[in-house]
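Next come the chains, spelled out residue by residue.
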Amino acid sequence: MKLYRFLSGPDDSSFCHKVTAALNKGWHLFGSPTYSYDKQTKTMRCGQAVVKDVEGQEYGPSTKLSDW
């Protein structure tokens with residue numbers, strides 16, 4: 001199965017750690033990162049899509065992506 005996640009967070013080290021953790025669990029960057037201004041919190045927000053192939057598993061709506 002191919003899994004897809006979109007990681008997002010504030011423009012600080014916590015976002016970088018979130019992406020780094022995903023990469024170390026076998027996820028791969030997918031596409032370009034995003035960067036936008038959140039008017040409500042008056043902060044910049046980052047986003048990055050990641051994908052992962054998992055052999056021998058079936059995808060279903062109950063698949064918990066963070067477990068992979």
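Residues numbered from 1 in each chain as written. Predicted model: local features only at pLDDT ≥ 70, side-chain atom pairs only at ≥ 80, totals over all residues. Heavy atoms only, no water.

## Some words on the pairing of strand β2 (residues 28–38)
Regular strands have side chains that alternate between both faces of the sheet.
Then, in step 1: Here β2 pairs with strand β3 (residues 43–53) via eight bridges, running antiparallel. Note that in β3 the partner of Asp-38 across the bridge is Thr-43.
Then, in step 2: Here β2 folds back onto β3, and the loop between the two strands holds four residues, one of which, Lys-42, carries a positive phi near 55°. (Pairing = 2+ DSSP bridges. Helix = DSSP H or I, 4+ residues; strand = E, 2+ residues; numbered from the N terminus.)

## Quick look at the packing of aromatic side chains
Then, in step 1: For the structure on display, the rule yields one aromatic pair.
Then, in step 2: Note on Tyr-4 and Phe-30: the rings are 6.4 Å apart at their centroids and 90° apart in plane angle, and the pair reads as edge-to-face. Taken together, the residues span a long stretch of sequence, with Tyr-4 in strand β1 (residues 2–10) and Phe-30 in strand β2 at a distance of 26 residues.
Then, in step 3: Between Arg-5 and the ring centre of Trp-27, over which it is positioned, the NZ or CZ distance is 5.4 Å. (Phe/Tyr/Trp six-rings, centres within 6.5 Å; stacked < 30°, edge-to-face > 60°. Lys NZ or Arg CZ within 6 Å of the ring centre and 35° of its normal.)

## What to know about the nonpolar core
General note: in soluble globular proteins, nonpolar side chains tend to be found buried as a group.
Then, in step 1: Residues Leu-3, Leu-7, Phe-15, Val-19, Ala-22, Trp-27, Cys-46, Val-50 and Val-54 constitute the largest nonpolar core, which totals nine residues.
Then, in step 2: Those elements that provide at least two residues to this core are β1, α1 (13–24) and β3.
Then, in step 3: With three residues, the top contributor of residues to this core is α1.
Then, in step 4: Ignoring anything within four residues of it in the chain, the contact list for Val-54 reads Met-1, Leu-3 and Trp-68. (Core = buried A, V, L, I, M, F, W, Y, C linked by side-chain atoms within 4.5 Å. Buried < 20%, exposed > 50% of the residue type's maximum accessible area, 1.4 Å probe, protein only. Contact = heavy atoms within 4.5 Å.)

## Overview of the environment of Gly-47
Then, in step 1: By the secondary structure assignment, Gly-47 is in strand β3.
Then, in step 2: Gly-47 gets classed as buried once you look at its relative accessible area, which sits at 0%.
Then, in step 3: Taking C-alpha positions, Gly-47 is 9.2 Å from Asp-11, a pair spaced 36 residues apart along the chain.
Then, in step 4: Not counting the four nearest positions on each side in its chain, Gly-47 is found in contact with Phe-6, Leu-7, Ser-8, Phe-15, Pro-33 and Thr-34.

## Regarding a nonpolar patch on the surface
Then, in step 1: A cluster of nonpolar side chains, contributed by Tyr-4, Phe-6 and Phe-30, occupies part of the molecular surface with about 340 Å² of accessible area.
Then, in step 2: With respect to the helices, strands and loops of the structure, Phe-6 is situated in strand β1. (Patch = residues over 30% accessible without salt bridge, like charges linked within 9 Å, V, L, I, M, F, W, Y side chains within 5 Å. Areas by Shrake-Rupley, 256 points an atom, 1.4 Å probe, with all protein chains shown as cover. Salt bridge = Lys/Arg side-chain N within 4 Å of Asp/Glu carboxyl O.)

## Some details on the UniProt feature "domain: DUF1737" (unreviewed entry) in the chain
Then, in step 1: With numbering matched to this structure, UniProt assigns "domain: DUF1737" (unreviewed entry) to residues 1–53.
Then, in step 2: The span residues 1–53 shows a helical share of 23% and a strand share of 58%, and its end C-alpha atoms are spaced 6 Å apart. (UniProt positions renumbered as here; feature names shortened; annotations may be inferred.)

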